[in-house]
Amino acid sequence: MQGQRVLWVPGCDHAGIATQSVVERMLLREEGKHRKDFTREEFLQEVWKWKNEKGDEIYQQLRKLGASLDWSRACFTMDKGFSKAVTEAFVRLCDAGLIYRSERLVNWSCALESAISDIEVDSKELSGKTMLSVPNYEHKVEFGTMLTFAYPIDGHSGEIMVSTTRPETMLGDVAVAVHPDDPRYQDFHGKQCRHPFNDRLLPIVTDTIVAMELGTGAVKVTPAHDHTDFLLSQRHALPRLSVIGGDGKMTPICGQWLEGVKRFDARQLVVNALVEKKLFRGKKEHAMTLPICSRSGDVIEPLLKKQWFVRCHGMAQKAIQAVEDGHLQITPLFYTKTWKNWLSNISDWCVSRQLWWGHQIPVYRVEFLHSANKQEDQWVWGSNEDEARQRATVKYGVKPQDISLTQDSDVLDTWFSSALFPFAMLGWPQQTRDFQRFYPNSILETGSDLIFFWVARMVMLGTELTGQLPFKQVLLHSLVRDKHGRKMSKSLGNVIDPLDVIHGASLERLQQKVKDGNLDPREQEVAMEAQRKDFPKGIPQCGTDALRFALCSHKMIGEDMSLSVSQVLSCRHFCNKMWQTLRFTLGVLGDNTTPVGNLEKVSHLSSMDRWICSRLYSTVAQVEKAFEEYELHTVTAALYSFWIHNLCDVYMESVKPVLLKQNEGLKHDGGKVRPAASVILYHCVSTSLVLLSPLMPFLTEELWQRLQPFRTDAAAQGSLCLQPYPRSSQMKHWHFPEEERDFLLVQEVTRVARSLRAQCGLTKEKPAMWVVCSPSQAHILLHFGSAVWTLSRVSRFHIYCPEVALPTVSSTPPPKGCLVGVVDHTCRLHLPLQSAMNINKQVAQLTQRRSKLVPKLDEILCKIQSPEYLIKVPAHVREQMDSKMSALQQELKTIEDQLKLLQMTDRPTSSYS
């Protein structure tokens, strides 16, 4: 709408872990089969089948939400073209020496039987003993306790006690470490312990990494299952024994009594055996941090695995430098510190995933068919097997027919392919026309929780593979949480499907969706109970535009937003108000569909016309500035305020008598007032629809089309979303700051007048009122004329100001015995006592008001009478305090006078309404 070429490409990643988990649970539930009951090809067919049935749901949501995406370019990371880009990227990184294979400890999810990255590990803080549910365990498992047991010293009567939170790993202990300066263990240096279950000798080593104050000060060393112990094994050349397998069961190395036992069941068996051998020394609560797989909810098990890693340090430094040099802007700004801190401490990225769904890693194990030397770790890479074979013949100097290639069964981390999206979606590695026109992208807008998962990796790989940053600016929006401030989670039952808000959904339908999902039965019941509590009557139909407007009404940068359906409903009411406004406008314009005159040619503008035009200009300027600063909540607030509080509540109310020919007193205007007001109303409504279009595309388009017959410009006959967006620079001649400033008095007079009417119970009557004010205020009220009493809903305002000698100004003061409403210390409204007035109610209201004002006045007097007031308080502040005190004293005097007046009035035996 601003005349710029824009490309917004819809895309989905294949969500390797999440998708495979969903399909596995579905197959287990529906067919009673596990993944390994299928061949890889058969299982992938099931995944594609599920994807084709369910995978487009997010696209349907985006379409219903009115996202202006280029659907002809929709891109899926498992598409044939995209998959080629993934393979090409991996091969290029290998050629550049940025990908290598190594045996290291990785974060392993036994539930998924796959490695996951560091940033997919959540940390759960435990203050002490805690029972937690773990996938594939029927009963909860105990965590947050420290157990102590003893290792006998070989050839010695003594023992050395060690403490651990994971006693099941002691079968993989290869040493005991103590601090070299710990006085308790000076005699044990160089000695050995004997393992009670396998008779293995464990050396006692010294290392400063040991914390003497923690536990017993002696540490069991299990290099294959602990990151710190792995470091110790490198320092002291210790072996690494894996006692827990990828399936979470104990390995054969543990002995027949534990082999095949699940790790947390083995925990208790080990403790029982230690007790039996009289080596158990006690258990106590222990605060700890438990690593949890964000994908499966499983407790992470550090396991020693050979995996493929991406070297990140060099690329991370370039990403840091790009932000520091200003080539890449991150909004909000405070994330730049987070960006630098994380990338400065980044570890190499494990990209191997032990899944079947995803991009199979394009590396091949090489076997030499006619060689007795069977080396296991000979690998080559290539875009396909033929290229890999060619590379192998060159690398190893053999003939193509003398080698056998087997592709690695692992797949790449989903985030690897997602990191290529900014350029792979445009046809990279080919230099396509799209790639040349739209790369680098202008802006990436995404959730703040993806800054490391996705944003950093896009920047690193994009810079490395294309030589350019993938985008110039990153806009990180806040997370949408539920009305209680909780992150949306299927297991909590608080995920709000936008389609349910748009179309409405009964509680029964919401519950059925949970039942049809893949939740554990225990989580399913929790989720359904949460739904019954939050949506006892289901979700009412709200429509797309109300949902969009509600989302945009929250501050999108810097703080998470808590969204409730009631907020969306309030926006639906705004949509209804827009409909009503258009119906009124069409009624004013009539049935002859004559084009409405050009606003520029309107010669007779009233003060109200000038005011509403100026308010529209100010709103456009405010919207412009807010869009530039990505403050959508300011945009929605400005547009809502203009439509409701300026256009509907004020301007339309003030000109209704004119537009509906109810004001016979305006016949002398020569027929100029009504046509001008009609043009102004049409101009405000149509311009507001254009302003609202990006936020509420469906409703505004519908209303815009209904105004089409009245248009004069042929260019505006098309769709609203193709109209030029209003600019303040084109509307400066409609800026009347004096009218906007002066109208503040009119609004305050209106507010006080309505308040006096309400206090007196005059809900239908239009009494006369007197305004006693200063000359400048009198001129303002006269300037806005009939609009003042139309809005105030009084029959007439008698303006009393002796200093102003005009026929329209009353020469007599207000009568005695009036109720007084204070506008400010120079302007008051007087309403003669009415026979139908509820005296008791008036006295109660005035007394309540007095009780609120007296403490405020006392507080000010206390400050003013302080001995240090004149010394410490600046002169301008003292002036403000004096003015405030004077206004409070004057208002209190007015209240006292009114109370005396009411007390002298004969009260009826019963209150009138």
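Refer to the structure above for everything that follows.
Undergrad: Even after reading the chapter, I still don't get the overall build of the chain, so can you show me in this structure?
TA: Of the regular secondary structure elements, the chain holds 28 helices and 31 strands. Taking 29 Å as the expected radius of gyration for a compact globule of 913 residues, we find that the chain reaches 38 Å, considerably beyond that expectation. Viewed in the frame of its principal axes, the chain has a C-alpha envelope of about 120 × 70 × 60 Å. Residue burial in the chain is summarised as follows: out of 913 residues, 49% are buried. Sequence separation of 24 or more characterises 74% of the internal contacts of the chain that already satisfy a separation of 6 or more. Summing over all exposed atoms, the chain offers an accessible surface of approximately 44700 Å²; the carbon and sulfur share of this is 51%. Distance from the positive charge centre (108 side chains) to the negative charge centre (103 side chains) of the chain: 5 Å.

Undergrad: Looking at this structure, how should I read the environment of Ala768?
TA: Following the sequence through the fold, Ala768 ends up in strand β28 (residues 768-772). Sequence separation between Ala768 and Val650 is 118 residues, and the spatial gap between their C-alpha atoms is 20 Å. Ignoring anything within four residues of it in the chain, the contact list for Ala768 reads Ser795, Arg796, His798, Leu831 and Pro832.

Undergrad: Quick question: what am I supposed to make of the sheet that holds strand β24 (residues 441-447) here?
TA: Hydrogen bonding along the main chain pairs the strands of a sheet, whether they run parallel or antiparallel. Overall, parallel pairing links the 3 strands, which are arranged β17-β25-β24 in an open sheet. Looking at strand neighbours, the two that pair on one side only are β17 (329-331) and β24, the edges of this open sheet. Geometrically, the sheet is characterised by an average inter-axis angle of 15° between neighbouring strands, direction not taken into account. Examined bridge by bridge, β24 and strand β25 (residues 471-477) share 6 bridges and lie parallel to one another. Bridge pairing in β25 places Leu444 opposite Val474.

Undergrad: What's the story with the pattern of salt bridges in this structure? I'm lost.
TA: Should their charged atoms come close, side chains of opposite charge can pair. On inspection of all chains with the given rule, the structure shows 45 salt bridges. Between Arg486 and Asp482 there is a salt bridge, with its nearest N and O atoms 2.8 Å apart. For Arg486, a relative accessible area of 30% puts it in the partly exposed group. Residues participating in the shared-partner salt-bridge network are Arg101, Lys306, Asp377 and Asp408.

Undergrad: So what exactly am I meant to see when it comes to helix α16 (residues 521-534) here?
TA: Because an α-helix completes one turn every 3.6 residues, residues spaced three or four positions apart along the sequence face the same direction. A rise of 1.5 Å per residue sets the reference length of α16, with its 14 residues, at 20 Å; its end C-alpha atoms lie 20 Å apart and thus fit the reference within 8%. When α16 is considered as a whole, its buried residues turn out to be Gln524, Ala527, Met528, Ala530, Gln531 and Asp534. Relative to the axis of α16, the buried residues are bounded by an arc of 160° and lie together on one face. In α16, the exposed positions angled more than 90 degrees off the buried face are occupied by Pro521 and Lys533. Its buried side turned inward, α16 meets α15 (507-515).

Definitions and cut-offs
- Residues numbered from 1 in each chain as written.
- Predicted model: local features only at pLDDT ≥ 70, side-chain atom pairs only at ≥ 80, totals over all residues.
- Heavy atoms only, no water.
- Helix = DSSP H or I, 4+ residues; strand = E, 2+ residues; numbered from the N terminus.
- Rg over C-alpha atoms; globule rule 2.2 N^0.38 Å.
- Buried < 20%, exposed > 50% of the residue type's maximum accessible area, 1.4 Å probe, protein only.
- Contact = heavy atoms within 4.5 Å.
- Areas by Shrake-Rupley, 256 points an atom, 1.4 Å probe, with all protein chains shown as cover.
- Lys, Arg positive; Asp, Glu negative; His and termini not counted.
- Charge placed at Lys NZ, Arg CZ, Asp CG, Glu CD.
- Pairing = 2+ DSSP bridges.
- Axes fitted to C-alpha atoms, helices over the stretch in contact; angles between N-to-C directions.
- Salt bridge = Lys/Arg side-chain N within 4 Å of Asp/Glu carboxyl O.
- Expected span 1.5 Å × (residues − 1).
- Arc of directions from axis to C-beta.

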